[in-house]
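# Chains, contacts and geometry: an overview
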Amino acid sequence: MNLATHLPDPIDFPQADTVIFDGECQFCQGQVARLASFDRWGKIVGQGDKLAFLSLHDPRVASLYPDLTHDMLMEQMYVVDHQGRRHGGADAIRYLSRRLPILWPIMPILHIPGSARIWRWMYQQVARRRYRWNKPNCDNGACAVHFGDKKGA
């Protein structure tokens, strides 16, 4: 199943923030599916359709966001907000905690003064190991590409 075909597309939701993620990473797909469900939950309280999604492997990413290189996108997900600002990795999660009502309970902990550096480090640790953790479920060969990579070790 191609997850990207079941997610809101930026073309259909031009006012939504765009989440750019690694669409070949099953771990990432699971997290993005969760984000999409959080956004759908927002519809219940009248605040849905805030997010649209693009795999970093989609050719549109390079033309729409030329400042975000492939290497940058492989290191962390990005949220491009409706005003064009880029939020990467842990900063993207912190941003989303303010946008999605279901994440509001964790917002205070993510925004403790001085904690951003810790959240960024934690995010990097997960991002670097995402393919390794999902290796048993990797059926498209994407995981194998990253095991020899010094960043994925």
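This write-up is about the structure you can find in this document. (Residues numbered from 1 in each chain as written. Predicted model: local features only at pLDDT ≥ 70, side-chain atom pairs only at ≥ 80, totals over all residues. Heavy atoms only, no water.)

## Structural notes on the pattern of salt bridges
Scanning the entire structure with this criterion turns up eight salt bridges. With a shortest N-O distance of 2.8 Å, arginine 60 and aspartate 9 are connected by a salt bridge. Taken together, the residues arginine 60 in helix α2 (residues 59-64) and aspartate 9 in the segment before β1 (17-21) connect sequence positions 51 residues apart. Of the residues examined, aspartate 9 reaches a relative accessible area of 18% and is grouped as buried. Between arginine 99 and aspartate 17 there is a salt bridge, with the nearest N and O atoms lying 2.9 Å from each other. With arginine 99 in helix α4 (residues 90-99) and aspartate 17 in strand β1, this residue pair connects regions lying 82 residues apart in the sequence. (Salt bridge = Lys/Arg side-chain N within 4 Å of Asp/Glu carboxyl O. Helix = DSSP H or I, 4+ residues; strand = E, 2+ residues; numbered from the N terminus. Buried < 20%, exposed > 50% of the residue type's maximum accessible area, 1.4 Å probe, protein only.)

## Looking at the sheet that holds β1
Strand order in the open sheet formed by four strands is β2-β1-β3-β4, with mixed pairing between adjacent strands. With partners counted over all chains shown, the strands left at the sheet margins are β2 (51-55) and β4 (86-88), one partner each. For this sheet, the mean inter-axis angle between neighbouring strands, taken without regard to orientation, is 25°. Against the sheet, α4 makes contact with β1, β2, β3 (78-80) and β4, and its axis sits at roughly 115° relative to β4, the strand it touches most. (Pairing = 2+ DSSP bridges. Axes fitted to C-alpha atoms, helices over the stretch in contact; angles between N-to-C directions. Contact = heavy atoms within 4.5 Å.)

Without other data, these values stay purely geometric and don't point to any function.
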